[in-house]
Amino acid sequence: MSTRESVELQREQEFIDRLYERVSVLREDAAEGVEDALAPVGNGLQARVERDVLVAERSGLLSALNAVDGSLCFGRIDLHDGSAHHIGRIGIREDDTDRTPLLIDWRAPVARPFYLATGHTPMGLRRRRHISTDGRTVTELHDEILDLGDRERSGFEDPSGDAVLLAALGSARTGRMGDIVRTIQAEQDRVIRAPHRGVLVVEGGPGTGKTAVALHRAAYLLYEHRELLAKRAVLIVGPNPAFLRYIGEVLPALGETGVMLATQAELFPGVHARGTDSPRAAVVKGGAGMAEALALAVRDRQALPEPGAPMIIRHDDGDLVLDWEIAYEARQAARDSRLPHNLARPHFAFHLIDALTTQLADRIGADPYGGPNFLGPDDIAQLAKSVAASDEVHAAVAELWPLLTPEEFLADYLAEPVYLPDEDAAAVRRAPGEREWTPADVPLLDEAAELLGTDDSAERAAAEARRQERVVYAQGVLELSRGSETHEFEDEESEVLAAHDIIDAERMAERQEEDDHRSAAERAAADRTWAFGHIIVDEAQELSPMAWRLLMRRSPTRSLTLVGDPVQTSEGAGGVGSWEKILRPYVGDRFTHVRLGVNYRTPAEIMELAAGVVRAQDPSFEPPGSVRSTGEKPWTRSAGADLAGEVARAVAEMTPEEGRLGVIAPRELHEEIAARLDGITAGAEPDLTRPVVLLDPREAKGLEFDHVLVVEPGRFGTSDLYVALTRATQRLGIVHREPLPEPLR
Ligand SMILES: Nc1ncnc2c1ncn2[C@@H]1O[C@H](COP(=O)(O)OP(=O)(O)OP(=O)(O)O)[C@@H](O)[C@H]1O
């Protein structure tokens, strides 16, 4: 190493040392701050509220500081004006009066040239430096000179400018996705920082960084719109639990934790959908026609007595006749309210009671000589009360217009599906006694909840009673504070404000109500009607029209980022196929569509093979260009009689010393294959950090491995095969007994 180089390294090391010293002071301060804030504060309401806010703020800072410890600083930009900034995962300031920035958050506008500047458009930069560290030790520097007229050299120049990116792409996988904050590419940066309002569709082939970009976008939005998004939370929807675990460490590593990650199966609070549907059933349940079918089925639960066969209701003053006409009129009036079923129910009951009361009054008060009815308004009110109190009337209302929960309603519906073509009804019919919900049921439950509405009048009454109690309590507290002030502050001159001077009992009671310690993400998870500040959907091509209806309800402001690749849509997943079709009902054509065109994962040799599979169906297909090639061609091997044995041999050869091997095989072969492989992990929620993982193509979606072994590819449909072939960062092997699909021969 030249003297020049060691001086440069030494300088950066000194900076990193200083940075960690500052971080350790900040961390101590934050920890002490949390402790202080946690100390008992007595019973004062205001003090308690303030304490909670402080605890939340300081623990947020503390967890961010703890989370970003590894490679806190990764870059530096030197500007023409002689200034320089270090770039890192979070922003850190000096402890001086100006609070001078020491480390610039990668999301800050000042950091942007680090990602965007080129020799052509240097954005004021002279030099961009990538700093690699191992723990707190600087290991490498890579410099790009952006001003070719500049003669100053550090000795660490990287002429191609992509050594750091290629090293990241070629490194062994860990089974957990890492962040890309050091090497975000310009086309990705533009997506990450796109405005948060409106709908942004990010499309790109396998490995173009869609997932990585979506996660960094979440981190960026939380930084840029902290106040709004901390209150309304960000939701990230992914295709399955294994995928969510795979991506689960990216945001914490960027210092962000206030995000809700969920699969479709988890989007109806209180239901954890673990069942499975046949592919056909999933498609039917996800179809747009289900909304109409369920709406009609709800109307069917608003019944009438048979014409000519009225319900007879006993009453002390003589039997009442609830016939078709009365029920029809009441039903019409209730439907005219346009309220959801359960909320329209009181209207139905009211009209029914009214009609039965009139019937009774006409009978009792009738003047035999044809004069006006003898009964006055008070008598009629009395009669109405007695009709309304009748158990038999309640039973009739319950029979004709039952109160329904989404779960009860959908279970009944799936036992006898109606308003569907016969073969669709047969596909979704649930076996009697089947209790598990499936992921495709979740949007149906949500739809049912919308159609039924929640009659929360009892809850609201209870909440109001609790509020009243708090008001009374708060009044008591204020009385006490009034009583105590003169004793505590004898000095006439001092103007000390007491609680009652600045707050009244109502407001104080409200404050107590706001005293909900859960984070926005936690509250959102428990609330079906929560409106998220922003929603990010990964593998968005997979979602069905019914799932889109659910998600759009959670985003009334239509602030969404959708990332996906229509070419990778699973057969039988019920995905919609085109963004226009998905979005038209919600935003018309008002959405922004961007494409990512570079494949960072799959080497060119593998991509060529995978592209051939799609091209066999669509000759005009253009795959994303691979950023690197490895020189290793994918291989195929014919297995003879013992397929599992051949798979076991291939696994033994391919298992990397460091890194991960993914075996992607049709589900029906999993048992046979797993029996021959020790320590392999498989199933619905495999441990992706183990060296060898067995998956089917659907489960492999969105994941990646150093090496991939595809088994019996002839059994996969085109898009599943395309997904399976594009999961490797290094090597791909194929083992088969049955004939290979044409493009793989
Ligand atoms: N700028 C980058 N710097 C470093 N690594 C990157 C960059 N962009 C993408 N990658 C890496 O490329 C791989 C593929 O990224 P990602 O999983 O986000 O792709 P994808 O488009 O979602 O793929 P798929 O459609 O197959 O799920 C990941 O390992 C990711 O970390």
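None of the values given here were measured: they were computed from a predicted structure.

Engineer: Just to check I follow, could you spell out the overall build of the protein chain for this structure?
Structural biologist: What the protein chain contains, in helices and strands, is 29 helices and 21 strands. Looking at the protein chain residue by residue over its 745 residues, the buried ones come to 39%.

Engineer: Could you clarify how one ought to interpret the UniProt feature "binding site: ATP" (unreviewed entry) in the protein chain in this entry?
Structural biologist: Under the feature "binding site: ATP" (unreviewed entry), the UniProt entry names Gly204, Gly205, Pro206, Gly207, Thr208, Gly209, Lys210 and Thr211. Once residues lying within four places of it in the same chain are set aside, the contact partners of Gly205 are Asp565, Val567, Asn599, Pro623 and Pro624. Take Thr208: it is sitting in the loop between β7 (199–204) and α6 (210–224). For Thr208, a count of 27 C-beta atoms within 10 Å corresponds to the buried category.

Engineer: Would you mind showing me how to read the confidence of the model for the protein chain here?
Structural biologist: Any region with low pLDDT has predicted coordinates that should not be read closely. Taken over all residues, the pLDDT of the protein chain has a mean of 88, while the share at 70 or more is 90%. Taken as a whole, residues 485–498 scores under 50 in pLDDT and shows 5 contacts with residues more than four places along the chain or in a different chain. With pTM at 0.86, the complex prediction returns an ipTM value of 0.99.

Engineer: Just checking my understanding: could you explain the pairing of strand β18 (residues 661–664) for this structure?
Structural biologist: Where burial is concerned, the two faces of β18 agree: the one with Leu661 and Val663 and the one with Gly662 and Ile664 are both buried. Bridging between β18 and strand β19 (residues 692–695) involves 4 bridges; their strand directions are parallel. Looking across to β19, one finds that Val663 is bridged to Leu694. Note: β18 against strand β20 (residues 705–711), 4 bridges, orientation parallel. Residue pairing for β20: Ile664 is matched across the bridge by Val710.

Engineer: Honestly, the nonpolar core in this entry has me stumped. Any pointers?
Structural biologist: A general feature of soluble globular proteins is that nonpolar side chains tend to end up buried together. Among the nonpolar cores identified, the biggest contains 151 residues, and Ala218, Val234, Val647, Val663 and Leu709 are the most heavily contacted of them. Looking at this core element by element, the count peaks at 9 residues for α6. When neighbours within four sequence positions are excluded, Ala218 is seen to be in contact with Val234, Ile236, Leu251, Val259 and Ile536. Residues Ala349, Leu383, Val387 and Val393 belong to the second largest nonpolar core, which totals 21 residues.

Engineer: For this particular structure, what's the right way to read the sheet that holds strand β9 (residues 259–263)?
Structural biologist: As a general point, the strands of a sheet are linked pairwise by backbone hydrogen bonds and lie either parallel or antiparallel. Read across the open sheet, the 6 strands follow the order β9-β8-β12-β13-β7-β14; overall the sheet is parallel. Lying at the two open borders of the sheet, with one neighbouring strand each, are β9 and β14 (591–596). The mean inter-strand angle of the sheet, taken between neighbouring strand axes irrespective of direction, is 15°. Two elements, strand β8 (residues 234–238) and strand β12 (residues 534–537), share 4 bridges in a ladder whose sense is parallel. Across the sheet, Leu235 pairs through a bridge with Ile535, a residue of β12.

Engineer: Explain the site of the ligand here, please?
Structural biologist: For the ligand, the set of nearby residues contains 23 residues, the closest of which are Pro206, Gly209, Lys210, Thr211 and Tyr600. Those elements that provide at least two residues to the shell around the ligand are α4 (163–170) and α6. Classifying every residue of the shell around the ligand gives 8 nonpolar, 11 polar and 4 charged.

Engineer: Explain the sheet that holds β19 to me, please; I cannot follow it from the model alone.
Structural biologist: A sheet is described by the order of its strands in space; here 5 strands give the open sequence β17-β21-β20-β18-β19, paired in parallel fashion. Across the chains shown, the open sheet's two edge strands, defined by having one partner strand only, are β17 (635–638) and β19. Along the sheet, successive strands turn relative to each other by an average axial angle of 20°, direction set aside.

Engineer: Sorry if this is basic, but what is going on with the domain arrangement of the protein chain here?
Structural biologist: Reports often express the size of an interface as the amount of accessible area lost when the parts come together. Domain assignment breaks the protein chain into domain 1 (3–171), domain 2 (187–268 + 528–599), domain 3 (281–432) and domain 4 (604–744). Of note, the centres of domain 1 and domain 3, computed from C-alpha atoms alone, are 66 Å apart.

Engineer: When you look at the environment of Gly717 in this model, what are you seeing that I'm missing?
Structural biologist: By secondary structure assignment, the location of Gly717 is in the loop between β20 and α29 (718–725). You can call Gly717 partly exposed: it has 13 C-beta atoms within 10 Å. Measuring from C-alpha to C-alpha, the distance between Gly717 and Arg466 comes to 58 Å, with 251 residues separating the pair along the chain.

Engineer: How should I be thinking about unusual backbone geometry in this particular structure?
Structural biologist: If a residue is not glycine, its phi is most likely negative; likewise, a peptide bond is most likely trans. Even without a glycine there, the phi angle at Glu539 is positive, about 50°. Of note in the backbone geometry, Glu712 takes a positive phi value of approximately 50° without being a glycine. Inspection of the secondary structure puts Glu712 in the loop between β20 and α29. The exposure class of Glu712 is buried, given the 21 C-beta atoms found within 10 Å.

Engineer: In this structure, what is going on with the packing of helix α12 (residues 324–336) against helix α13 (residues 341–364)? I would like to understand it.
Structural biologist: Any two packed helices are characterised by the angle at which their axes cross and by the distance between the axes. Running from amino to carboxyl end, α12 crosses α13 at an angle of 145°, the nearest separation of the two axes being 8 Å. In this structure, α12 meets α13 at a crossing whose hand is right-handed. Counted together, Ile326, Ala327, Glu329, Ala330, Arg331, Ala333, Ala334 and Arg335 of α12 and Ala344, His347, Phe348, His351, Leu352 and Ala355 of α13 form the full contact between these two elements. Looking at the contact of α12 with α13, its residues break down into 9 nonpolar, 2 polar and 3 charged.

Engineer: How do you make sense of the environment of Pro307 when you look at a structure like this?
Structural biologist: Inspection of the secondary structure assignment puts Pro307 in the loop between α11 (289–300) and β10 (311–313). Placed 18 residues apart in sequence, Pro307 and Glu325 show a C-alpha to C-alpha distance of 8.1 Å.

What counts as what
Residues numbered from 1 in each chain as written. Predicted model: local features only at pLDDT ≥ 70, side-chain atom pairs only at ≥ 80, totals over all residues. Helix = DSSP H or I, 4+ residues; strand = E, 2+ residues; numbered from the N terminus. Buried ≥ 20, exposed ≤ 12 C-beta atoms within 10 Å, placed from the backbone. UniProt positions renumbered as here; feature names shortened; annotations may be inferred. Contact = placed C-beta atoms within 7 Å. pLDDT = per-residue confidence, 0-100. Pairing = 2+ DSSP bridges. Core = buried A, V, L, I, M, F, W, Y, C linked by C-beta atoms within 7 Å. Axes fitted to C-alpha atoms, helices over the stretch in contact; angles between N-to-C directions. Near = placed C-beta within 6 Å. Nonpolar A, V, L, I, M, F, W, Y, C, P; charged D, E, K, R; others polar. Domains from an automatic or database assignment. Left-handed = near helix turned anticlockwise from the far one by under 90°.

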